[in-house]
Amino acid sequence: MEAGIVGLPNVGKSTLFNALTAVGIASENYPFCTIEANIGAVAIPDPRLATINRYIETQEIIPAIFQLVDIAGLVRGASRGEGLGNKFLGSLRNVDAILHIVRCYEDENVMHVEGNIDPIRDVDTIETELMLADLQSVEGMIDRAEKTVRTGGPEAKRRLEILNECQARLSDAQPVRGLSYDDPTSARLLRDLQLLTAKRVLYVANVGENDLAGKSAMVEKLRQRAEAEGSQVVPISARLEAEIAELDEPDRSEMLHSVGLEEPALAVLARAAYRLLGLQSYYTAGPKEIRAWTIPMGATAPQAAGVIHSDFERGFIRVEVYSVDDLVQYGSEKAIREAGKMRLEGKSYVMHDSDVCHFLFNV
């Protein structure tokens, strides 16, 4: 899973990126301190891995990975080349989702590029720049598609139709994510365009340390905006999370507890992103490694096997599967087999969250 971090300059993007990835990218109290796209990969907290390890000994535990791309802050006119963020919009084309960081606290010591705090205005600014960038891309693609549609067959014609539909939405100041298709070919063609506003957005309200639950009027306005779009808001204090990230255990847990938090921001964001994107986890477990794998909800067993390696999907025969709860209840894979809870499933099996799998394949 990969997410791109966007927002205006100086709203806490790099501070949050530092806290989540602990890579120490510079963060300063002035706009444009990020001068190139920063990429960090972090392990997604998953207590089920430790649960599996209680019953299955292994040499290594490998969690699912959350890759973050942090670009320079976007400003009004970014789509026309203003600021530095426009140089890195291409870095967001391949991400699965966008984390939109929105400042929702007052602090006279931390400047705001617009001069005052207004979360909805800030969201509109970023959304407008992303739509304008998409409109430029779509217009260029339409010019090329019109030249090849006569010789490209039905799919080329359908691609041009979708591009025209995207252009109409963007010209009407509507993001492409509101456009969807039931037929798989059209859905794939739309996805292949890699448009920025086609991606799902998770809003991160950067709150003050006195509003960790996100109950202020500013966060509530942002929450209403997100709900209207079918999205959600995760309130996080980037500054506090950065301080927590610098601590080692048990000091980290103690500080979390002292401010009334049960877990760091990464766990909260990862779960929210999973829900937003319709993702789930399954596991493979053995003496060499216990590993979490990320798949879409509704994925079949062969598709899940393909996440490990394309050969697994191509040569899929069947899968032995049980749940993490089964392992807790029976205590071992041997006991699960003896209780008749180790299931053999074929190509039509739809995966469930927390499945533990042994794939059988032949290439």
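Residues numbered from 1 in each chain as written. Predicted model: local features only at pLDDT ≥ 70, side-chain atom pairs only at ≥ 80, totals over all residues. Heavy atoms only, no water.

> Would you mind showing me how to read the pairing of strand β7 (residues 233–236) here?
Regular strands place their side chains on alternate faces of the sheet. As judged from the four bridges shared by strand β6 (residues 200–206) and β7, these two strands associate in the parallel manner. In the sheet register, A205 faces β7, and the bridge partner there is P235. Read from β6 through helix α6 (residues 217–228) to β7, the crossover connection turns out right-handed. (Pairing = 2+ DSSP bridges. Helix = DSSP H or I, 4+ residues; strand = E, 2+ residues; numbered from the N terminus. Right-handed = clockwise from strand over helix to strand, strands pointing away.)

> What should I look at first to understand the pairing of strand β4 (residues 65–70) in this one?
By the bridge criterion, four bridges tie strand β1 (residues 2–6) to β4 in an arrangement that is parallel. Bridging from a neighbouring strand, G4 pairs with V69 of β4. Bridge analysis of strand β2 (residues 38–43) against β4 gives six bridges, and the strand direction is antiparallel. Paired with A41 across the bridge in β4 is Q67.

> Quick question: what am I supposed to make of the nonpolar core here?
Note that soluble globular proteins tend to have their nonpolar side chains buried in a common cluster. Core analysis: the biggest nonpolar cluster contains 67 residues, and I52, F66 and L269 have the highest contact counts within it. When residues in this core are grouped by element, the largest group, eight residues, is from helix α9 (residues 265–277). Setting aside anything within four residues of it in sequence, one finds F66 in contact with M1, A3, G40, A41, V42, I44, L266, A270 and A273. (Core = buried A, V, L, I, M, F, W, Y, C linked by side-chain atoms within 4.5 Å. Buried < 20%, exposed > 50% of the residue type's maximum accessible area, 1.4 Å probe, protein only. Contact = heavy atoms within 4.5 Å.)

> I tried to follow the sheet that holds strand β5 (residues 97–103) on my own but got confused; where do I start?
Sheet strands pair by backbone hydrogen bonding; their relative direction is either parallel or antiparallel. One open sheet accounts for six strands, arranged β2-β4-β1-β5-β6-β7; its pairing is mixed. The strands lining the two open edges of the sheet, one partner per strand, are β2 and β7. Averaged over all neighbouring strand pairs, the angle between strand axes comes to 25°, with direction disregarded. Strands in contact with α6 are β5, β6 and β7; relative to β7, the strand with the most contacts, it is inclined by about 155°. (Axes fitted to C-alpha atoms, helices over the stretch in contact; angles between N-to-C directions.)

> Can you walk me through the environment of G286 in this structure?
As for its position among the elements, G286 is in the loop between β8 (279–285) and β9 (290–296). Classification of G286 by relative accessible area gives buried; the value is 15%. It is 9.5 Å that separates the C-alpha atoms of G286 and N53, two residues lying 233 residues apart in sequence. Not counting chain neighbours up to four residues away, the residues in contact with G286 comprise I56, E57 and T58.

> Looking at this structure, I do not really get a negative patch on the surface. What am I missing?
A cluster of like negative charges, contributed by D248, E249, D251 and E254, occupies part of the molecular surface. Of the residues examined, D248 reaches a relative accessible area of 57% and is grouped as exposed. (Patch = residues over 30% accessible without salt bridge, like charges linked within 9 Å, V, L, I, M, F, W, Y side chains within 5 Å. Areas by Shrake-Rupley, 256 points an atom, 1.4 Å probe, with all protein chains shown as cover. Salt bridge = Lys/Arg side-chain N within 4 Å of Asp/Glu carboxyl O. Lys, Arg positive; Asp, Glu negative; His and termini not counted. Charge placed at Lys NZ, Arg CZ, Asp CG, Glu CD.)

> Would you mind going over the side chain of S281 with me for this structure?
Along the chain, the position of S281 falls in strand β8. Setting aside residues no more than four positions away along its own chain, S281 makes contact with D46, R48, Y274, W293, H352, D353, S354 and D355.

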